[in-house]
Structure formats: structure tokens, C-alpha cells
Amino acid sequence: MSILVLGGAGYIGSHMVDRLVEKGEEKVVVVDSLVTGHRAAVHPDAIFYQGDLADQDFMRNVFTENPDIDAVIHFAAYSLVAESMEKPLKYFDNNTAGMVKLLEVMNEFGVKYIVFSSTAATYGLPDEIPIKETTPQRPINPYGESKLMMETIMKWSDQAYGIKFVPLRYFNVAGAKPDGSIGEDHGPETHLLPIILQVAQGVREKIMIFGNDYNTPDGTNVRDYVHPFDLADAHLLAVKYLREGNPSTAFNLGSSTGFSNLQILEAARKVTGKEIPAELADRRPGDPDTLIASSDKAREVLGWKPQFDDIEKIIASAWAWHSSHPNGYDDRG
């Protein structure tokens with residue numbers, strides 16, 4: 001049996017593919033449109049197809065050429081909260097409609113397992129912290145809404161076609177492969193830690209902190225951070241869980257420890273030894289005050305044990321990538 005990774009040239013997807021190959025998975029198939037992903041990020045031992053998962057003829061070809069695929073790991077979705085507020089239809093088209101197209105082809109080919117990269121953004125402004133899987137899901141932006149709709153579509157596809165699924169809900173992913181060979185490279189970059197590290201490199205003049213009047217200890221957003229290798233391991237455990245015949249269910253993935261934007265800034269200053277100038281700016285639309293996930297269920301049911309549970313260790317791994325690739329994958333030579 002082999003695994004198909006959708007979005008395997010992206011930030012988290014490339015770490016997933018790297019982990020699968022390094023752990024000896026016999027065959028790893030990758031599909032990525034390269035709209036936001038990077039061909040250079042894909043492990044050379046993986047089988048790569050460039051195309052859109054919503055292109056059903058293209059996907060039929062992938063499954064036809066790789067009949068041993070029994071599980072899909074899905075990272076191929078747009079994921080910028082602010083952009084989703086400006087372009088909601090883009091998100092519902094790519095994320096939600098794309099899931100419908102994918103499930104139709106999976107059903108045609110009898111592929112019955114899918115592990116899906118969902119998000120804590122499905123909870124909106126949560127009733128409780130830390131967030132549990134049972135916390136009501138009330139998204140406050142189109143990104144979170146599109147992911148919740150994808151979860152709902154999978155639920156009914158399970159009931160109708162027996163396609164078993166695991167949505168993994170996580171929020172801030174940070175860090176890179178510790179040897180600096182693959183990492184985070186978005187254009188434009190919108191995520192806090194890589195922007196902070198670009199300032200440390202001198203690529204940017206300063207970091208903007210969006211809002212200091214949130215209901216948090218220092219007034220800035222609080223999030224928990226998970227390393228992409230720890231996420232990859234959780235996806236692998238979720239595939240194993242489904243292959244063993246277990247029922248569909250969701251898991252939150254998080255460190256269960258929250259760090260404010262200012263705390264991340266201070267930790268980055270410590271790790272890099274750089275001054276990292278910062279300036280306050282207005283809030284961005286659609287940003288909740290605090291998002292911290294309880295990952296007790298993943299730890300108990302899947303046996304998930306994050307290896308990168310120290311924020312300075314996570315930042316140091318990201319710094320290794322940014323130091324060796326100041327222009328991202330354009331430095332690959």
C-alpha cells in the first residue's frame with residue numbers, strides 16, 4: 001500500500017513527504033499544483049505529479065498509474081485568514097469544491113482513507129481554552145468556514161461511501177527540518193515567525209505586531225506552535241489508525257502551551273542574537289484573541305508524542321533554514 005500526499009510541495013506537505021521517505025514508506029506519491037508549493041521542496045525519492053486535485057481527469061490518471069494507493073493525506077488548501085476575508089469565493093472554490101471533486105474520484109477508485117489538514121480556525125472564538133474536539137465549531141472567517149465545510153462533506157461521504165477520515169485541527173505551524181534543507185517559503189510571507197526571522201536576517205526592516213489590545217496577558221494574540229515533523233508524525237499515526245479499521249474522528253494537535261506574539265519575538269531575539277526591531281499596527285480582521293489546542297485525545301488514542309516541545313528549539317530549527325536560504329528555495333542553486 002502507498003500514500004498519496006496532496007500539497008506535498010508546500011511547507012507542511014514537504015516535511016510530511018520527507019518524513020514518509022525517511023521512515024521507509026515504500027512508495028510516496030505527491031500531487032501539487034505548485035501555485036504556492038516548490039518543486040525543490042519535494043524529496044527526490046517521491047513520485048511527483050504537477051496538477052490540481054480538482055482536475056478529475058488528472059487525478060484519475062494519478063490513481064490509475066498508482067493502483068496501490070490506499071490512503072490520501074490532504075494539505076492542498078489555501079490557508080490565509082486575511083486573504084479569505086477579501087476573497088471568500090477563492091477559498092470555497094479551491095478548498096471546499098476541491099474536496100468534493102477529490103472524494104468523487106477517491107470513491108471511483110475505492111480509496112477509503114483520508115487524513116485531512118484541518119484547523120483550529122473552525123472553532124472561531126472558542127468557548128473554552130484549551131480547545132477540545134467537542135468545543136463548538138463556529139468559524140469567524142471564510143478560511144475556517146471552508147475547512148469546516150470540508151469536514152462536513154467528509155462526514156456525509158463516510159456515511160454514504162464508507163470513506164473513513166481523520167481531520168487534524170491545528171493552528172500555528174513553525175520550524176523546519178533541523179539540517180536546514182527544507183523549510184517555510186511563502187510568497188508573500190504572512191506568518192509571524194518567518195517574518196521575524198527575515199527581520200533578523202536583514203531581509204526586512206522591522207516586524208509589525210498587529211494589535212496590542214486583545215484579551216491576553218500582554219495584549220497580543222496568543223497561539224500554540226507545532227513543528228511540521230510533529231504534525232507529520234501525527235498524520236502518519238492517523239493513517240495507521242484508519243488502516244486498522246477504526247472509525248472516523250477528529251483530533252486537535254497543539255503544544256497545549258500558548259505563546260503571545262511578543263513572547264515569540266523575545267524568544268527569536270534570544271535564539272538569533274539579533275535586535276529584531278518591531279512596531280505596533282492595527283488588528284487584522286478575523287483574528288481570535290487566543291487559540292490553544294488540547295491534544296490529549298491525539299496523545300491517548302493515536303499515541304502522539306511531539307518531539308519539538310520547546311519553543312526555542314522550534315525557532316532554532318526555523319533559523320537554520322532561513323540562515324541557509326535567505327531567499328527561500330531560490331537559493332537552491
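The structure we're discussing is the one just above.
A short tour of the structure in this document, coming up. Since this is a predicted model, take the numbers as computed values, not measurements. (Residues numbered from 1 in each chain as written. Predicted model: local features only at pLDDT ≥ 70, side-chain atom pairs only at ≥ 80, totals over all residues. Heavy atoms only, no water.)

Turning to the overall build of the chain, a few remarks are in order. Broken down by element type, the chain carries 10 helices and 14 strands. Its C-alpha atoms give the chain a radius of gyration of 19 Å, near enough to 20 Å, the size a compact globule of 333 residues would have. With respect to the principal axes defined by its C-alpha atoms, the chain has extents near 55 × 50 × 40 Å. Expressed as a percentage of the 333 residues in the chain, the buried residues total 55%. Considering only residue pairs separated by 6 or more positions, the chain has 76% of its internal contacts joining residues 24 or more positions apart. Taken as a whole, the chain presents about 14000 Å² of accessible surface, with 49% of it coming from carbon and sulfur. (Helix = DSSP H or I, 4+ residues; strand = E, 2+ residues; numbered from the N terminus. Rg over C-alpha atoms; globule rule 2.2 N^0.38 Å. Buried < 20%, exposed > 50% of the residue type's maximum accessible area, 1.4 Å probe, protein only. Contact = heavy atoms within 4.5 Å. Areas by Shrake-Rupley, 256 points an atom, 1.4 Å probe, with all protein chains shown as cover.)

A sheet is described by the order of its strands in space; here three strands give the open sequence β12-β9-β14, paired in mixed fashion. Lying at the two open borders of the sheet, with one neighbouring strand each, are β12 (259-260) and β14 (290-291). Where strand β9 (residues 222-223) lies against β12, two bridges are found, and the strand directions are antiparallel. Within the sheet, the bridge partner assigned to R223 lies in β12 and is F259. (Pairing = 2+ DSSP bridges.)

The subject of this paragraph is the pairing of strand β1 (residues 2-6). Counting buried residues in β1 gives five out of five residues, a clear majority hidden from the surface. In β1, alternate side chains face the same way, and those of S2, L4 and L6 on one face and I3 and V5 on the other are all buried. Bridge count for β1 against strand β4 (residues 69-74) is five bridges, and the pairing is parallel. What sits directly across from S2, in β4, is I69.

In an α-helix, one full turn covers 3.6 residues, which means residues spaced three or four apart are oriented alike. An ideal rise of 1.5 Å per residue puts 28 Å on 20 residues; helix α5 (residues 142-161) measures up with 27 Å between its terminal C-alpha atoms. For α5, the complete set of buried residues consists of P142, Y143, G144, S146, K147, L148, M150, E151, M154, S157 and D158. Among the structural elements, β4, α3 (81-86), α4 (88-108), β5 (113-119) and β6 (164-170) are those in contact with the buried residues of α5. One or two residues past the end of α5 sits G162, with phi positive at roughly 75°. (Expected span 1.5 Å × (residues − 1).)

A word on the pairing of β4. With six of six residues buried, β4 lies mostly within the body of the structure. Here β4 pairs with β5 via four bridges, running parallel. In the strand pairing of β5, V72 is matched with I114.

This paragraph deals with the side chain of N141. Along the chain, the position of N141 falls in the loop between β5 and α5. Judged by its relative accessible area of 5%, N141 falls in the buried class. Each residue touching N141, except ones within four places of it in the same chain, is listed here: V81, S84, M85, A121 and G286.

As enumerated under the stated definition, the model contains 16 salt bridges in all. E83 serves as the salt-bridge partner of K90, at 2.8 Å between the closest nitrogen and oxygen. The exposure class of K90 is partly exposed, given its relative accessible area of 31%. The partner of E266 in a salt bridge is R269, with the nearest N and O atoms 2.5 Å apart. With E266 and R269 both in helix α8 (residues 261-272) and three residues apart, the pair spans about one turn of that helix. (Salt bridge = Lys/Arg side-chain N within 4 Å of Asp/Glu carboxyl O.)

Time to look at unusual backbone geometry. The omega angle of the peptide bond from I129 to P130 is 0°, so this bond is cis rather than trans. Here P130 lies in the loop between β5 and α5. With a phi close to 65°, L34 is a non-glycine residue in the positive phi region. Judged by its relative accessible area of 23%, L34 falls in the partly exposed class. Located in the positive-phi region is I276, a residue other than glycine, with phi close to 55°. Tracing the backbone through its elements, the reader meets I276 in the loop between α8 and β13 (278-281).

On to α4. With 21 residues, α4 extends 30 Å between its outermost C-alpha atoms, agreeing within 8% with the 30 Å of an ideal straight helix rising 1.5 Å per residue. Taking the largest bend as the criterion, α4 deviates by roughly 30°, centred on G98. Buried residues in α4 make contact with β1, α2 (56-65), β4, α3, β5 and α5. Downstream of α4 by a residue or two, G110 has a phi angle that is positive, lying close to 70°. (Bend = angle between axes of the 7 residues up to and from the residue.)

Glancing now at the sheet that holds β5. One open sheet holds the seven strands; their spatial order is β3-β2-β1-β4-β5-β6-β11, and the pairing between them is parallel. Here the strands that pair on one side only, and so sit at the sheet edges, are β3 (47-50) and β11 (251-253). Strand-to-strand twist across the sheet, computed as the mean angle between neighbouring axes with direction ignored, equals 20°. Most of the contacts of α2 go to β3, to which it runs at about 165°, and overall it touches β1, β2 (28-32), β3 and β4. Those strands touched by α4 are β1, β4 and β5, and its axis lies near 170° from that of β5. (Axes fitted to C-alpha atoms, helices over the stretch in contact; angles between N-to-C directions.)

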